[in-house]
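Chain residues, written in single-letter form:
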Amino acid sequence: MSRLAVARAIAAALALAASIAFILVAPHWDKVGDIKGAQMGTYFIAIVGLNIVTGYTGQISLAQGAFMAIGGYTTAFLVTHGVRDLWTIPVAALVAGAFGFLLGIPALRLSGLYLALVTFGLAVAMPDLIAWDKLSSVTKGGQSIQLFGSKHLLGQGFNSVTVLGHSTSFNRAVYYLTWAIALVLFVVAWLFLRGRPGRAFRAVRDSEIAAASSGVHIAAYKTLAFAIGAAYAGVAGSLLVIAVAFADPQSFPAKLSLTILVGAVIAGLGSMWGVLLGAAFVEFLPVVSVHVSKSQGVPDAIYGAALILIVLLLPAGIAGGLKRAASPLTTRLYTRS
Amino acid sequence: MTELLQQIVAGLSSGSIYALLALGIVIIYRSTGVVNFAQGEMATFTTFIAWTLVDHGVGYWGAFGLTILIALVGGIALERIVVRPVEGKPVINGVILTIGLFILFGGLSNWIWKAEVRSFPPSRPFPTSAWNLGGVAVSKQDAGILAVTLVLMVLLWLLFRYTKLGLALSASALSPTASRLVGIRVGWMLGLGWGLAAAIGAVAGLFTAAAAPPLDPNMMRPVLIYAFAAAVVGGLESPIGAVVGGLLIGVVLNLISTYDTHLHLDLDRVRLPIALALILLVLLARPTGLFGKQVVRRV
Amino acid sequence: MAPLLDLEDVHARYGSVQALGGVSLSVGEGEVVAVLGGNGAGKTTTLRAISGLVTTSGRVRFAGERLPRAPEGVARAGIAHVPEGRGIFEELSVDENLRLGAYLRRGGFAESYERVCGHFPWLERRGAQQAGTLSGGEQQMLAIARALMSRPRLLMLDEPSLGLAPIVVREIFRILGDLNENEGLSILVVEQNATLALRSSSRAYVLEVGQVALEGPSSELAENESVRKSYLGY
């Protein structure tokens, strides 16, 4: 193994160890706490999912929050119909993933810009869709689905829970559950992306023509990426619902999709290692920004400014550091003197 | 029948607002190749500026005009400083940048003016009474909004079709280098595109606040989606398409709401998903929109 | 008499790659000057340097004054550049392309239009046609027509013969010769087709690796041993 590879492996191992240490310590730090920590974990999972779709295959998806809604409501529905909450998580992943696959098919025909438009529309329209009368048998319309007190929920949502022989509070249990799943999903994604699928994904992102001519089945990989990304979001949504023990249309507003996008951009699209940073940023910025002003708009103003600055200062990083070879004519045309 | 006509007129009025916003989106797209996701939030922001002006004693129409000017200048500045660097770059850069602007302007509106809802004191642009045209009640406000919108459209059409400036704007959008070789100051053209779009957006925002008071920071969120639908239906490159699309969507959505009471499909609740479905359908069936030009390129 | 266009020790680079390493050339009023050279010699870069499309150092003077460094300013000064790839607006109509050619002229469009249609009569008939649907030769003629609409003092052409059938090329060069003789238009033409270029010009420069390797009257260069071997093929 070359020295560079060894150095990178060590750096990766250290980062992993530091992350795990942080995760174990965090809830004891009162600035973080169980609830915020768990929420950060759900963002983490959703961001990894978005990274797979947008960072790795280059398909712009602004609807991650909408898939979270699908996963979250799957869990809510199942728990109220007698399924143990933990078992609903994989189901939520499958259901959200299925919808992701369904969206991935028409997405094949949409250029990046149009896909962004459609997914943006989906994110904005999702709360209304959830509140639709015609779906109320599943979603209970505009009313919230309460899981609090359900015997199928860990500790009924408020009691202490026994985990591996130790008794912890509900919030703490949720925290560990979330991060355990987050870690597993992260490693799975990392392994998956390191291998042939990951290279295929990147090939699709960088040049569809080149990828196709090297035998990569573009359509399959693109829809697969969508499905996986949505599945991850489904898990995140599911965990979110479990954590707060209820679900309603306003749990998954358009803003959620955009917040996850901010996290993914901060993390560095197409790179897995910044995700922790991205999740921390979107979770804790509102907490920190209170020192600037108590106004509601401040975190948003900063999120927005952060996105703009990153695009302006690190344009290559947006597309995952891709060396998109602009055609020679384009390069010439945009030479500025 | 009179009910139908009334609803159509009302639909045209809200459709005018969608058309205005859609037109701004198309102008920006044609000139700089970027879809401005922040079009709605910028409109809200300028509407709040207008509110501040009125609050400080400026008359309504004076504030209206001043706001349009501010928006024009602001749009030019925005393009030259913030948007220029992403033009010609991969699509995702522009998307993330304008989403960033979306979030930023939304946050600024909230921060500066707080999340309280407020009305435009004390005046409204148009009287709230209605005319009776052969039994059909046409609200003066609806008529006013429609009229101003149509006048603006005609002015813009004249600009693009018959003036040197308009041709230069189109050329700059199509080929910056060739335009520069011909002597066009492309930088200013691109800025002007954004300036025009921001000004048109300001009008849309002001009308939205007038049509559906009170003034609330989230008011343009659904309007943006309807505007996207209008722009897509018309073809992202066609200003006329955007206008026709906007009016059409306004009317259709209004009729859906009205007649839903008979259908019991709760369609009123899902206007946004309907608009979304429309967007998806048009993009899959006819990506260049109903009015888009099929550009032929000889290789 | 001072030359109309005067380049002195012009350097140009694309990023870290130097494309021109000190080129000096001139075009006199009413002259047709050719620039020859193989691929990558810097011919296109020379024109782009004059037009301000690439960063340069060195002196570029036009009509006795420093030429502005931005393309818009260069056009304003009276230089019309028909670039590689023709630079027409494919999505616009023939008419609109010509209108854009006259962008800098305040009025007088009709007069310019008439003159230009005198050289290319078919333009009138096909005014509404989308420029991108024209044939290669027609596009090249449209590009030249568009350049002429601004009544330039100097016309610069980058490889006008590229990809065109010989008969079309002959026609184009005939028109260029006409413009030079009858209207005194100064022309700077970059060409890979050396035979044609030397026949149509009074003076020529041969560029190699971003520098002027040879210069002189075209008739002399056509007889020059190394020019014949490298560029004329005999």
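Just so we're clear, the structure is a prediction, and the values are computed from it rather than from any experiment.

A.B. asks: Give a description of the sheet that holds strand 10 (residues 211–217) of chain C that names residues and reports values.
C.D. replies: All names here are of chain C. Pairing is mixed in the open sheet, where 6 strands are placed in the order 6-7-8-3-9-10. This sheet does not close on itself; its edge strands, each paired only once, are strand 6 (79–82) and strand 10. Each adjacent strand pair in this sheet contributes to an overall mean axis angle of 15 degrees, direction not counted. Across 5 bridges, strand 7 (residues 154–158) lies against strand 8 (residues 186–190) in parallel orientation. Its bridge partner being in strand 8, Leu 154 is matched across the sheet by Ser 186.

A.B. asks: Please give an account of the interface of chain B and chain A that cites residues and values.
C.D. replies: Taken together, the 44 residues of chain B in the interface contact 45 residues of chain A. Elements with a minimum of two residues in the side of chain B that touches chain A: helix 4 (91–113), helix 7 (176–181), helix 9 (220–234) and helix 11 (271–285) of chain B. With 17 residues, the single largest contributor to the side of chain B that touches chain A is helix 4 of chain B. A breakdown of the residues in the side of chain B that touches chain A according to their chemical character gives 31 nonpolar, 8 polar and 5 charged.

A.B. asks: Any chance you could break down the interface of chain B and chain C for me, citing the residues and the numbers?
C.D. replies: The interface is formed by 18 residues belonging to chain B together with 23 residues belonging to chain C. Elements with a contribution of two residues or more to the side of chain B that touches chain C: helix 6 (164–174) and helix 7 of chain B. Split into classes, the residues belonging to the side of chain B that touches chain C amount to 10 nonpolar, 3 polar and 5 charged.

A.B. asks: Any details on the domain arrangement of chain C? Residues and values, ideally.
C.D. replies: A common measure of how large an interface is: the accessible area buried when the components associate. Residues and elements named next belong to chain C. As assigned here, chain C comprises domain 1 (5–78 + 154–232) and domain 2 (90–151). Taking the mean C-alpha position of each, domain 1 and domain 2 sit 23 Å from one another. Among the elements of the structure, helix 2 (71–77) and helix 7 (166–183) are those that each provide at least two residues to the side of domain 1 that touches domain 2. A total of 3 residues in the side of domain 1 that touches domain 2 trace back to one element, the largest contributor, which is helix 7. Here the side of domain 1 that touches domain 2 is built from residues that sort into 8 nonpolar, 1 polar and 1 charged.

Rules and cut-offs
- Residues numbered from 1 in each chain as written.
- Chains lettered and ligands numbered in written order.
- Predicted model: local features only at pLDDT ≥ 70, side-chain atom pairs only at ≥ 80, totals over all residues.
- Pairing = 2+ DSSP bridges.
- Helix = DSSP H or I, 4+ residues; strand = E, 2+ residues; numbered from the N terminus.
- Axes fitted to C-alpha atoms, helices over the stretch in contact; angles between N-to-C directions.
- Contact = placed C-beta atoms within 7 Å.
- Nonpolar A, V, L, I, M, F, W, Y, C, P; charged D, E, K, R; others polar.
- Domains from an automatic or database assignment.

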